[in-house]
Amino acid sequence: MRILVTGGAGYIGSHACQRLLRDGHHVVAIDNLHRGHITPMNLLAAEYPDQFAFIESDLGETPTVLETINKHNLDTVMHFGALAYVGESVDDPLWYYRNNIVSGIGLLDACDAAHDGKGISRFIFSSSCATYGDPPEGMIPVPEHCPQSPTSPYGSTKLHFEHILKEYATQRQREDNPIALTMLRYFNVAGSDRTGVLGEDHAPETHLIPVALNTALGKRESMSIFGTDYPTPDGTNIRDYVHVEDLIDAHVRAMDRIEIGQVEAFNVGIGKGYSVREILDSVRRVSGVDFPVHESERRAGDAIALYNDPTRIKSALGWDAKITDIDEVVGSAWSWFQKHPNGYGDK
Ligand SMILES: NC(=O)c1ccc[n+]([C@@H]2O[C@H](COP(=O)([O-])OP(=O)(O)OC[C@H]3O[C@@H](n4cnc5c(N)ncnc54)[C@H](O)[C@@H]3O)[C@@H](O)[C@H]2O)c1
């Protein structure tokens, strides 16, 4: 297939490009490089010169996106490009709405106008378990029919964009020009490409595993646990950590199996939760380093416990996480961090 990967220079988007290229697809990545990195784009371009192109642009630049889709005859969009920090979204919600919704609509305008108005055929959206907020009692593990009630502006942008996409898919159906739409609600994504080429390099970094690995590497003096008085067995938040390669496999399955005219939403998570303390223990085991951890106040917008009920994605897409051992997830990230102590080093 011929695929546009938005946010392709970011952590998950670059891993998606790599997997799609390895599978023999033609891929064009688009990214404004605000958070993404040019290095993985250059690495992939060197390895796949006939299959891959990178375009530096904001998704809100509809004419550029449209020209890209038409020029490369792209029929499928995987939309990873977004701002993705809960805390940052609490501090500046309008920025998050402008980027994730307004620029997202700019992308959709291009998707709609492409191919002489026929539009693209398949759209796969990176949604989030943050759309569920704090699930009500009896809804953990979280099924797809759990009420969506985000506790942060970030989660709200993801939920609004799901609504926008569903309305757009309905319009395409009405016009007798249907689209295949899949919304994948990721739980926490972690780990790195196990061939060691790509990794996770966020600046600023707020994700638990990379922060802990940076502390184990000595790049930070210490780190904090935000909230130790949650109603969980050890008082810290519980999350579901899905390996990035398994996550991308869910996208590939959605691309292959969701038919034109179908609109689907699936959770992507392994179905098991780990507390913050359990993750820190895993980082200590994998790295062999003990490091100082401070106990701090809860952070605004953080849900107490979130882990997935994978029943639906298993039956509909035949997807199951292959990497479920947390030390293996952490270990794949640790080996990239050790080899790249300064990340990609291109910023
Ligand atoms: N990392 C996770 O655990 C997680 C969990 C749930 C959902 N998600 C979603 O997955 C997607 C990818 O996350 P990530 O961790 O790879 O983040 P990332 O920041 O590494 O990647 C996002 C990329 O999108 C680009 N981008 C953002 N806004 C853009 C715009 N307007 N125009 C062009 N490029 C733009 C950034 O420069 C960056 O390269 C996001 O949509 C995020 O909300 C991530």
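Remember, it's a predicted structure, so these values are computed and weren't measured experimentally.

Undergrad: What should I look at first to understand the site of the ligand in this one?
TA: Lining the immediate surroundings of the ligand are 28 residues, of which Gly7, Gly10, Gly36, Ala82 and Ala84 lie closest. For the shell around the ligand, the leading source of residues is helix H1 (residues 11-22), giving three residues. Along the lines of polarity and charge, the residues of the shell around the ligand split into 11 nonpolar, 14 polar and three charged.

Undergrad: Is there a simple way to think about the sheet that holds strand E2 (residues 26-31) in this case?
TA: The strands making up a sheet associate through hydrogen bonds between their backbones, and the pairing can be parallel or antiparallel. The sheet built from seven strands is open, its strands ordered E3-E2-E1-E4-E5-E6-E11 with parallel pairing. What marks the edges here is a single partner per strand, and that holds for strand E3 (52-56) and strand E11 (263-268). Within this sheet the neighbouring strands show an average axis-to-axis angle of 15 degrees, counted without direction. Relative to strand E6 (residues 180-186), strand E5 (residues 122-128) runs parallel, the two sharing seven bridges. Bridge pairing links Ser128 to Tyr186 in E6. Sheet strands in contact with helix H8 (residues 244-257) are strand E4 (76-79), E5, E6 and E11, and its direction is about 165 degrees off that of E6.

Undergrad: For this particular structure, what's the right way to read the pairing of E2?
TA: For E2, the tally of buried residues reaches five of six residues, placing the bulk of the element in the interior. Across five bridges, the pairing between strand E1 (residues 2-6) and E2 is parallel. Considered in E2, the bridge of Leu4 is made with Val28. Handedness of the crossover is the feature at issue here: the chain leaves E1, passes through H1, returns alongside E2, and the resulting connection is right-handed. In terms of strand pairing, E2 meets E3 through five bridges, oriented parallel. Note on E3: the bridge partner recorded for Val27 is Phe52. In this fold, the crossover linking E2 to E3 by way of helix H2 (residues 38-47) has right-handed handedness.

Here is what the cut-offs are and how they apply
Residues numbered from 1 in each chain as written. Predicted model: local features only at pLDDT ≥ 70, side-chain atom pairs only at ≥ 80, totals over all residues. Near = placed C-beta within 6 Å. Helix = DSSP H or I, 4+ residues; strand = E, 2+ residues; numbered from the N terminus. Nonpolar A, V, L, I, M, F, W, Y, C, P; charged D, E, K, R; others polar. Pairing = 2+ DSSP bridges. Axes fitted to C-alpha atoms, helices over the stretch in contact; angles between N-to-C directions. Contact = placed C-beta atoms within 7 Å. Buried ≥ 20, exposed ≤ 12 C-beta atoms within 10 Å, placed from the backbone. Right-handed = clockwise from strand over helix to strand, strands pointing away.

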